[in-house]
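One-letter residues, chain by chain:
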Amino acid sequence: MGEELGVEKLLVLFLVLISMRYSESEELQSSQVQTLLRIQHLLNYPTTLSSWNNKTDFCKIEPSLTLTVVCYDENITQLHIIGRKGTSPLPRNFSIRSFLNVLSKLPSLKVLRLVSLGLWGPLPGKLSRLSALEILDLSSNYFHSGIPETVSSLTQLQTFVLDGNRLTGRIPDGLGSLSALAVLSLKSNSLDGTLPDTLRDLNNLRILSLSKNNFSGDVPDLSSLQNLQVLELEDNFFGPKFPQIGSKIESIALRNNKFTASIPEKVQTYYQLEHFDISSNNFLGPFPPSLLSMSSITYLNVAGNKLTGMLFEDNPCNTELDFVDLSANLLTGTLPSCLLSSSRNKIVHFSNNCLATGDDQHPISFCRNEALAVGVLPHPQRQKPASKVILALIICGSITGGVILICLTILIVKSFLAKKASAKSTPTRFISEDASSSYISKLFTDPRYITQAMKLGALSLPSYRIFSLEELEAATNNFDTTNFMGEIPNGQMYRGKMTDGSYVTIRCLVMKRSNTSQTFMHHIELISKLRHQHLVSALGHCFQFYLDDSSVSRIFLVFEYVPNGTLRRWISDKHARRKLTWTQRIAASTGVAKGLQFLHNGIIPGLFSNNLKITDILLDQNLVAKISTYNLPILSKNIRKEYCQTFPVGCNRRENYEEKLDVYDFGVILLEIITGRQINTKNDILLLRNQLQVSIAGNGVNVVDVTIRRSSCSGESLRTMVEMCCRCLYEDPVDRPSMEDLLWNLQFAAQVQDDYHSTDASPISPLQPSGQLVIQ
């Protein structure tokens, strides 16, 4: 009921606007009076028209909910006749063709609404005679057969409503030529087939309502329809892919279809979305908790799917959210407290999950097993009769201390890849793993792991998942040299293009023998948490195995692709066409510091000693700085987590020391940002630091980048940055600033620069300080 209100509101709005345009009443032509009386007769004298006769002044009839006649320039421009819902079909002698012939004698008719009048028969192709129509509403009648192609000739049509009839067949392609169409509503019919691709040409479309039909297949790409506000596709057979929709969407209703894909990350960017119903489908993958806190959301229904993931008590909610149904999924954790508020208007359903909240819940093992069951099916391309598919043994065991079930792993062995192996190497195989299997679920069992990294929903990145080899091969054209990006320690790096058109970076790491996939699970847990605005975030992984002993031969790590190259390219590259302004350099420095702070404190265990260089900082399409390489312990035998559990005191000391190593590396990056000169050796660092220290005091050659000196740069902002740079480069790590101190000063420098820009002050030389720095 709630979703229908939005459509009704917009329909009424259109009617009011049209009525205002054509509401001037005049004396009606006698021929049109006779036409109206003829319509009364053909409709079998309904109660609504019982008072009509030859003396009726039709142009002065008081408008009502059931009858409106609007005249303009001695012609009828609007005719609304609304009968009672459930009205029986007109008698057998009724002829829809005769009725249409009569209507065609009203050539100026712009709005025609004939609702619940018992009209029946096939929609005649002669509808095209009503060429001036802007609104046509024939809902709740008994029309059958298909929609005539001639409807496409009604070029002025803005609203087309045929709800609640008995129409069959497909939507004609010609509807896509109705460039003025804003409302298309064909609910509650028996239309079938796939939707025509021409729907994406309806650039003015605001409402598309096709619920309760027999449509099937994928929905055409509607992302070009930037005015689309309402999409209603319930009770059909659409799927499996989630529809592509423009960003102004306000209502999405996909209930009871055949969708089996995951909820795309893009949904979280629909900031005007109020109504979201995807219930009773087969949606897989993680449920994004950020849907609960979207800025406009009031109705959220994801019940009856196979969505996984963990909810937390402190997940935020939109205060206007008054209906939530999470029932019958595979969710774990604790229901957010914001959904348990005592508001009388709020309705919340969450039964049949594996939540710690509520009585009607499954045990957590149920959700884990179900998630595993839907995630490890063999890849379709490998299900050929000739394939040598070997099903690995189910490995079961028990651990002392009462842990009954350790692990259930299903290994799917793919076809023999002899052509991929060299003469000296052992043949390899691949398996597909599911991100919801046991090793990922461990991520959420320890409260220390509940960090903001897991709650970030605004990065516009797909959820972390397991990639198949076929996907990565297709993305890189079988790892063709044209996609090769360079050598990395223990492997190579490639650029890939996924099927949805997005680009990724794939790091291929060669492993030593005797390591099984379980050896790397704790590392994969860590990698999956690396989600931050200022990190090149991990999107997933893929394992390659040796056939003979099931040890891992290669690991493919998939990361987001960052298009604008390294920070050095925008700072000190001699061939750079454009260099960053001072404000942009402060922003880039702050971004790097925030990324480092997240690596240190945002995850457990933290990542330190990252050996950061300016060439490891990439800039995205908005020139936002992202750290591309960090100290992933995937190649290390000594697990940092295990070390900290064994030697907690020593661990704290070591982390403090290692943090200061990253601070030093950050200081080197700052030095290149300020001077605009490439730094490649220890001697470069010492020389430039000393020169900068002298020049900022006004006693030597100015080594600040000329691009900065020529720009509007606040002297105080520059002095703050120089001071922090020099402090980062102290020889004794104890004297270097903390990450928190660094961030505070960087943000201060940014604020000072913003305040300086907000005034009309003339640029000053940054080397005219109000006071000298004392630099050790």
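Every value quoted in this text rests on a predicted model; they were computed, and no experiment measured them. (Residues numbered from 1 in each chain as written. Predicted model: local features only at pLDDT ≥ 70, side-chain atom pairs only at ≥ 80, totals over all residues. Heavy atoms only, no water.)

Participant: Quick rundown of the state of the cysteines? Include the residues and the values.
Facilitator: Working definition: the covalent bond between the sulfur atoms of two cysteines is a disulfide. Under the counting rule described, the total for this entry stands at 3 disulfides. Bridging Cys59 to Cys71, the disulfide has an S-S length of 2.0 Å. Since a negative S-S torsion denotes a left-handed disulfide, the Cys59-Cys71 link at about -95° is left-handed. Taken together, the residues span a long stretch of sequence, with Cys59 in the loop between helix H2 (30-42) and strand E1 (67-72) and Cys71 in strand E1 at a distance of 12 residues. Assigned by exposure class, Cys59 and Cys71 land together as buried. Here Cys317 is linked by a disulfide to Cys338, with a sulfur-sulfur distance of 1.9 Å. Handedness here is read from the sign of the S-S torsion; for Cys317 and Cys338, about 40°, the answer is right-handed. Taken together, the residues Cys317 in the loop between strand E18 (308-311) and strand E19 (323-325) and Cys338 in the loop between strand E20 (330-333) and strand E21 (347-349) connect sequence positions 21 residues apart. Taking relative accessible area as the criterion, Cys338 reaches 21% and is therefore assigned partly exposed. No disulfide involves Cys508; its nearest neighbouring cysteine sulfur is the one of Cys542, lying 9.6 Å away. (Disulfide = S-S within 2.5 Å. Helix = DSSP H or I, 4+ residues; strand = E, 2+ residues; numbered from the N terminus. Buried < 20%, exposed > 50% of the residue type's maximum accessible area, 1.4 Å probe, protein only.)

Participant: Tell me about the packing of aromatic side chains, and name the residues and values.
Facilitator: Using the criterion set out here, one finds 13 aromatic pairs in the structure. Summarising the aromatic geometry, the rings of Tyr299 and Phe323 are spaced 4.5 Å apart at their centres and angled 10° between planes, so their arrangement reads as stacked. One end of the pair, Tyr299, is in strand E17 (residues 299-301); the other, Phe323, is in strand E19, with 24 residues separating them in the sequence. For Phe323, a relative accessible area of 15% translates into the label buried. Here the aromatic cluster, defined as three or more aromatic residues joined through ring pairs, consists of Phe242, Phe259, Phe276 and Phe283. Taking NZ or CZ as reference, Arg465 lies 4.0 Å from the ring centre of Phe467, over its face. Its end group placed over the ring of Phe559, Arg507 keeps NZ or CZ at 3.9 Å from the ring centre. (Phe/Tyr/Trp six-rings, centres within 6.5 Å; stacked < 30°, edge-to-face > 60°. Lys NZ or Arg CZ within 6 Å of the ring centre and 35° of its normal.)

Participant: I'd like a description of the side chain of Ser327, backed by residues and values.
Facilitator: In this structure, Ser327 sits in the loop between E19 and E20. Using a relative accessible area of 10% as the deciding quantity, one classes Ser327 as buried. Not counting the four nearest positions on each side in its chain, Ser327 is found in contact with Val302, Ala303, Gly304, His349, Phe350, Ser351 and Asn353. (Contact = heavy atoms within 4.5 Å.)

Participant: Give a detailed account of the nonpolar core, specifying residues and quantitative values.
Facilitator: The biggest cluster of nonpolar side chains holds 96 residues, and the ones touching the most others in it are Ile39, Phe99, Phe160, Phe276 and Phe287. Broken down by secondary-structure element, the contributors of at least two residues to this core are H2, E1, strand E2 (75-82), helix H3 (96-103) and strand E3 (111-115). (Core = buried A, V, L, I, M, F, W, Y, C linked by side-chain atoms within 4.5 Å.)

Participant: Lay out the packing of H2 against H3 with the relevant residues and their values.
Facilitator: Their axes nearest at 9 Å, the elements H2 and H3 cross at an angle of 160°. Here H2 lies roughly antiparallel to H3, going by the angle between them. As H2 packs across H3, the resulting crossing turns out to be left-handed. Side by side, H2 and H3 meet where Thr35, Arg38, Ile39 and Leu42 of the first sit next to Ser98, Phe99, Val102 and Leu103 of the second. (Axes fitted to C-alpha atoms, helices over the stretch in contact; angles between N-to-C directions. Parallel < 35°, antiparallel > 145°, perpendicular 65-115°, else oblique. Left-handed = near helix turned anticlockwise from the far one by under 90°.)

Participant: So, the pattern of salt bridges: which residues are in play, and what are the values?
Facilitator: A side chain of one charge can pair with a side chain of the opposite charge when the charged atoms of the two come close. Tallied over the full model, the rule gives 12 salt bridges. The shortest N-O distance in the salt bridge between Asp235 and Arg255 comes to 3.2 Å. Separated by 20 residues along the polypeptide, Asp235 in the loop between strand E13 (230-232) and strand E14 (237-238) and Arg255 in the loop between strand E15 (251-253) and strand E16 (275-277) bring together distant segments of the chain. Taking relative accessible area as the criterion, Asp235 reaches 18% and is therefore assigned buried. Ionic pairing is found between Arg255 and Asp277, a salt bridge with its closest N-O pair at 4.0 Å. Here Asp277 lies in strand E16 and Arg255 lies in the loop between E15 and E16, a separation of 22 residues in the sequence. The network of salt bridges with shared partners includes Asp235, Arg255 and Asp277. (Salt bridge = Lys/Arg side-chain N within 4 Å of Asp/Glu carboxyl O.)

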